[in-house]
Amino acid sequence: MTKIKLASGRELDCDYMGHSEKRRQATIRILHTSMQEVARVFSDPAETAQIWFESDYAAGFNKLLAVIDDGDAVRVVLGKE
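What you are looking at is a predicted structure, and each value in this text was computed from that prediction instead of being measured. (Residues numbered from 1 in each chain as written. Predicted model: local features only at pLDDT ≥ 70, side-chain atom pairs only at ≥ 80, totals over all residues. Heavy atoms only, no water.)

This brings us to the side chain of Thr 48. Position of Thr 48 among the secondary structure elements: in helix α2 (residues 45-48). Accessibility expressed as a relative area gives 0% for Thr 48, which makes it buried. Not counting residues up to four positions away in its chain, the partners in contact with Thr 48 are Phe 42, Gly 60, Phe 61, Asn 62 and Leu 78. (Helix = DSSP H or I, 4+ residues; strand = E, 2+ residues; numbered from the N terminus. Buried < 20%, exposed > 50% of the residue type's maximum accessible area, 1.4 Å probe, protein only. Contact = heavy atoms within 4.5 Å.)

Here we take up the pattern of salt bridges. The final tally for this structure, using the stated rule, is nine salt bridges. Put simply, Glu 47 and Arg 10 hold a salt bridge, and the shortest N to O gap is 3.2 Å. With Glu 47 in helix α2 and Arg 10 in the loop between β1 (3-6) and β2 (11-20), the pair connects residues that are 37 residues apart, well separated along the chain. Overall, Arg 10 belongs to the partly exposed group, its relative accessible area being 27%. Across the salt bridge formed by Asp 70 and Arg 29, the nearest N and O atoms sit 2.6 Å from each other. Of this pair, Asp 70 sits in the loop between β6 (63-69) and β7 (74-79) while Arg 29 sits in strand β3 (residues 25-30), and the two are 41 residues apart along the sequence. (Salt bridge = Lys/Arg side-chain N within 4 Å of Asp/Glu carboxyl O.)

In this section: the pairing of strand β5 (residues 56-59). Bridging between strand β4 (residues 50-53) and β5 involves four bridges; their strand directions are antiparallel. Looking at the pairing, Trp 52 lines up with Tyr 57 of β5. Hairpin connection from β4 to β5: two residues lie between these consecutive antiparallel strands, with Glu 54 at a positive phi of about 50°. (Pairing = 2+ DSSP bridges.)

Attention now goes to the sheet that holds β3. In spatial order, the strands read β5-β4-β1-β2-β3-β7-β6; together these seven strands make up an open sheet with antiparallel pairing. In this open sheet, the two strands that pair with only one neighbour each are β5 and β6. Pairs of neighbouring strands in the sheet enclose a mean axial angle of 30°, with direction left out of account. Relative to β7, β6 runs antiparallel, the two sharing six bridges. Across the sheet, Leu 64 pairs through a bridge with Leu 78, a residue of β7. Contacts from helix α1 (residues 35-42) reach β1, β2, β3, β6 and β7, with the element oriented near 170° to β6. (Axes fitted to C-alpha atoms, helices over the stretch in contact; angles between N-to-C directions.)

With that settled, consider α1. At 3.6 residues per turn, the α-helix brings residues three or four places apart onto the same side. Those residues of α1 that sit buried are Val 38, Val 41 and Phe 42. One face of α1 carries all of its buried residues, which in axial projection span an arc of 85°. At its buried positions, α1 is contacted by β1, β2, β3, α2, β6 and β7. (Arc of directions from axis to C-beta.)

To continue, consider the side chain of Asp 13. Inspection of the secondary structure puts Asp 13 in strand β2. Within the local environment of Asp 13, its side chain forms a polar contact with the side chain of His 32, the two groups lying 2.8 Å apart. (Polar contact = N/O pair within 3.5 Å; in protein donor to acceptor, adjacent residues only side chain to side chain.)

Keep in mind these numbers describe shape, not what the thing actually does.
Next up, the structure:
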């Protein structure tokens, strides 16, 4: 299982992260975690200041725009201020 690692060191099961500096958005799919927990974690700018997924790195995407039930996952959309 692939993990996403947040600035605090917290790791969550994840199967996708994509981000665009031009669009100033990041989309992440979190697995095995409730929508409430995902909303709590990703609404904390201290957690989302830095995000690592596989060989990808994103920084500054710290504005929670959406938390969406994506069937077997929770999709998170973050904005960059």
